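For reference, the chains in residue letters:
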Amino acid sequence: MNKFFKGALAAGALALVTPAFAQDIVVVSHGQANDAFWNVVKNGVEQAGTDMGVNVEYRAPETFDMVAMSQLIDAAVNQEPDGLIVSIPDADALGPSIERAVAAGIPVISMNSGSDVSKKLGAALHVGQDEFDAGKAAGEKLAEMGGKNAICVNHEVGNVALDLRCAGFAEGFGGNVTVLPTSNDPSEIESKVSAALASDESVDTVMALGASSAGEPTVAAVKGSGRDVNVASFDLSANFLQSIVDGDAAFAVDQQQYLQGYLPVVFMALNAKYGLMPGGNVPSGPNLITADKAGQVVELSAQGIR
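Residues numbered from 1 in each chain as written. Predicted model: local features only at pLDDT ≥ 70, side-chain atom pairs only at ≥ 80, totals over all residues. Heavy atoms only, no water.

### Quick look at the sheet that holds strand β6 (residues 149-154)
Paired through their backbone hydrogen bonds, the strands of a sheet run either parallel or antiparallel. Test applied: By this definition, two strands are paired if DSSP reports at least two bridges between them. Secondary structure elements follow DSSP: runs of H or I no shorter than four residues count as helices, runs of E no shorter than two count as strands, and numbering proceeds from the N terminus. To obtain an axis, a line is fitted to C-alpha atoms, over the contacting stretch when the element is a helix, and the angle between two such axes runs from 0 to 180 degrees between their N-to-C directions. In what follows, a contact means two residues having at least one pair of non-hydrogen atoms within 4.5 Å.
Spatial ordering of the open sheet is given by β7-β6-β8-β9-β10-β12, a layout of six strands whose pairing is mixed. Where the open sheet ends on each side, the last strands, each with one partner, are β7 (176-181) and β12 (287-289). Across the sheet, the mean angle from the axis of one strand to that of its neighbour is 20 degrees, orientation sign disregarded. In this structure, β6 lies alongside β7, joined through six bridges in parallel fashion. Within β7, the position partnered with Ile151 by the bridge is Thr178. Packed onto the sheet, helix α7 (residues 186-199) meets β6, β7 and β8 (205-208) and runs at close to 145 degrees relative to β7.

Next comes the structure, spelled out in structure tokens:
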């Protein structure tokens, strides 16, 4: 075999395993650095990048800051990536930046929050759950369990998705619902839930909107009160799932956030390579995780997958 033929074979083999061009995808979320929920989303993003062989950058502000997040989106647009993936907790604040991306010809997919505004802003689709409907399902379940007077703990005031969760919960619950605004500091949440329980003996239900940030301290507050109060939470954490197994919490609402990070990267990679894109939104939840299911996903939650 002559040297020319060997060289041609080697070049051909290289062409089979090397993409025609490097694909660059940027993900911008509103996830706060101390929220374990978003670590799972990031794990999904990174695994999809590895599986699809694309360059993916995950960015988020240190705190719930819409100005900082819009600046991150603008910076991503300036890079002219092959795809932009964003969460949309506040369409008024983030809409102009997202629309600039669309106007620049950058494909956009929204994930986690923004299902109600995604299409209007020009995104191709949304990967997540309908927050109002998820809240309604949780409220109906807790009402079936005998709940009459509830607290909905909102740990990220200004996030439209969390407002929708509380609104849906109130509709599904049907009884009295009071929204308790807090920060995402677990110590503050435990203290405020404890105070709310102490001030109203008729409270029999507490709905938290994030397992690690709000669900776990809510369980601690209820146990400290010595009261028989049903606790449920959106999202999963290993400790909250264990509380369900132990009978200290009723259920968790799983939106499968790993998929919210993973699937948009896959879709963007396929779009950049082949022009493929799903024709509509992809629901990642909700799924109610009760005691009969909780034990099965504790380990996966600890691994940062559920």
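There is more to say, and it comes next.
### Some points on the packing of aromatic side chains
Remark: the centre distance and the inter-plane angle together describe each pair of aromatic rings, the angle taken between the planes. Quick note on the threshold: Working definition: rings of Phe, Tyr and Trp (its six-membered ring) pair if their centres are within 6.5 Å, and the pair is stacked with planes under 30 degrees apart, edge-to-face with planes over 60 apart, and tilted otherwise. Throughout this description, buried means an accessible area under 20% of the type-specific maximum (1.4 Å probe, protein chains only), exposed means over 50%, and partly exposed covers the range between.
Tallying each qualifying case throughout the model produces three aromatic pairs. Summarising the aromatic geometry, the rings of Phe37 and Trp38 are spaced 5.2 Å apart at their centres and angled 75 degrees between planes, so their arrangement reads as edge-to-face. Residue classification places Trp38 among the buried residues on the basis of a relative accessible area of 5%. Aromatic side chains Tyr258 and Tyr262 sit 6.1 Å apart centroid to centroid with 15 degrees between the ring planes, which places their arrangement in the stacked category. Taken together, the positions of Tyr258 and Tyr262, both in helix α10 (residues 257-274) and four residues apart, correspond to about one turn of that helix.

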